[in-house]
Amino acid sequence: MLCVGLALALGALQLVPAALAGPQPQLLVERSGARRLSKVGGFAWENCGDKRDPVVLQSLSVAPDPISIPGSLRVSAAVKSGKTMGSPLKAVLVVEKALGDLWIQLPCIDQLGSCTYNDVCSILDELIPPGTPCPEPLLTYGIPCHCPFKAGSYSLPASDFDVPDVELPSWMTNGNYRVRVVVSNGGEELSCVKLTFSLHSH
């Protein structure tokens, strides 16, 4: 699950701005007072599922703050899973960007943005062909990168990842974002995590 969470979180942090490069369909807008917002303008996270969710994010740290594009991203995380998770794993992302006192829900464009991924296991198999070693630092720390994900505790010590250069106007990249990720299997919610973070483009 840590691999799934990292893949989704890093995907959101690295690729959400690219979703803005395409045509702009109708956006969903909401005033910031409509929902509780935790620490916009800096990185924050919280579990958003009920206490019955078997997969819980125990810790998550991201630096620098704001996240710099391009640049290096240092991430540490810990996840506890009370259930083995197999295919199909469904992930639903809702990605919003702050515009003044409004939150604009970004559309799903080319599978980036506020998208539903019906089979995360297949996506992981495409990114990392079965039979090949998991990439570093997952391999070093014994974190699986393919389904099924066995129940247990997984921990990623502080590790560096490269954030690629995204050629977009600065007003499309700079700003405050929030992301809600829900992972489920067969209609059963397994985990729900909310992230808030800031992006800064050089």
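Refer to the structure presented above.
These numbers come from a predicted model, not from an experiment. (Residues numbered from 1 in each chain as written. Predicted model: local features only at pLDDT ≥ 70, side-chain atom pairs only at ≥ 80, totals over all residues. Heavy atoms only, no water.)

1. Remarks on the overall build of the chain
Here is the rule: In DSSP terms, a helix is any run of H or I states spanning at least four residues, a strand is any run of E spanning at least two, and both are numbered starting from the N terminus. Note on classification: 1.4 Å probe, protein chains only; a residue is buried when its accessible area is under 20% of the maximum for its type, exposed when over 50%, partly exposed between these limits. Any two residues having at least one pair of non-hydrogen atoms within 4.5 Å are treated as being in contact. Residue burial considers only the protein chains on display, and all accessible areas are found by Shrake-Rupley using a 1.4 Å probe.
Secondary structure assignment for the chain yields 3 helices and 11 strands. Each helix (α) and strand (β) of the chain, taken in turn from the N terminus, gives the series α-β-β-β-β-β-β-β-β-α-β-α-β-β. Among the 202 residues that make up the chain, the fraction classed as buried is 44%. Counting only contacts in the chain whose residues sit at least 6 apart along the sequence, the fraction spanning at least 24 positions is 70%. Accessible surface for the chain amounts to roughly 10000 Å². Of this, 55% is attributable to carbon and sulfur atoms.

2. Some details on the sheet that holds strand β9 (residues 152-163)
Heads up, the rule is: DSSP calls a pair of strands paired once it identifies at least 2 bridges connecting them. Axes, fitted as lines to C-alpha atoms, cover a helix only where it is in contact. Angles between the N-to-C directions of the axes lie from 0 to 180 degrees.
The strand order across the open sheet formed by 3 strands is β3-β5-β9, and the pairing between neighbours is antiparallel. Strands at the two margins of the open sheet, each flanked by one partner only, are β3 (55-63) and β9. Averaged over all adjacent pairs, the angle separating strand axes in this sheet is 15°, with direction ignored. The pairing of β3 with strand β5 (residues 71-81) spans 8 bridges and is antiparallel. Looking across to β5, one finds that Val 55 is bridged to Ser 81.

3. Observations regarding the pattern of salt bridges
When their charged atoms lie close together, side chains carrying opposite charge are able to pair. Stated formally: In the sections that follow, a salt bridge refers to a side-chain nitrogen of Lys or Arg positioned within 4 Å of a carboxyl oxygen of Asp or Glu.
For the structure on display, the rule yields 4 salt bridges. Asp 50 serves as the salt-bridge partner of Arg 52, at 3.1 Å between the closest nitrogen and oxygen. Take Asp 50: its relative accessible area is 40%, and that puts it in the partly exposed class.

4. A closer look at the state of the cysteines
Here a disulfide denotes a covalent bond joining the sulfur atom of one cysteine to the sulfur atom of another. Worth spelling out the cut-off: Cysteine sulfurs are considered disulfide-paired once they come within 2.5 Å of each other.
Within this structure, the stated rule accounts for 4 disulfides. What pairs with Cys 48 in a disulfide is Cys 192, and their sulfur atoms sit 1.8 Å apart. Classification of the bridge connecting Cys 48 and Cys 192 rests on its S-S torsion, roughly -90°, and on that basis the disulfide is left-handed. Highlighted residues: Cys 48 in the loop between β2 (44-47) and β3 and Cys 192 in strand β11 (residues 188-201), separated in sequence by 144 residues. Overall, Cys 192 belongs to the buried group, its relative accessible area being 1%. Here Cys 121 is linked by a disulfide to Cys 147, with a sulfur-sulfur distance of 1.9 Å. Handedness here is read from the sign of the S-S torsion; for Cys 121 and Cys 147, about -80°, the answer is left-handed.

5. Here we look at the nonpolar core
As a reminder of what qualifies: Throughout this description, the term nonpolar core refers to a set of buried Ala, Val, Leu, Ile, Met, Phe, Trp, Tyr and Cys residues connected via side-chain atoms within 4.5 Å.
One finds Leu 60, Val 62, Leu 89, Leu 195 and Phe 197 to be the most contacted residues of the largest nonpolar core, which totals 40 residues. Mapped onto this core, the elements with two or more residues apiece are β3, β4 (67-69), β5, β6 (90-99), α2 (120-127), β9, β10 (175-185) and β11. Element by element, the count of residues in this core is highest for β11, at 5 residues. For Val 62, the contacting residues outside a window of four places in its chain are Phe 43, Ile 67, Leu 73, Arg 74 and Val 75.

Structural measurements only, silent on function.
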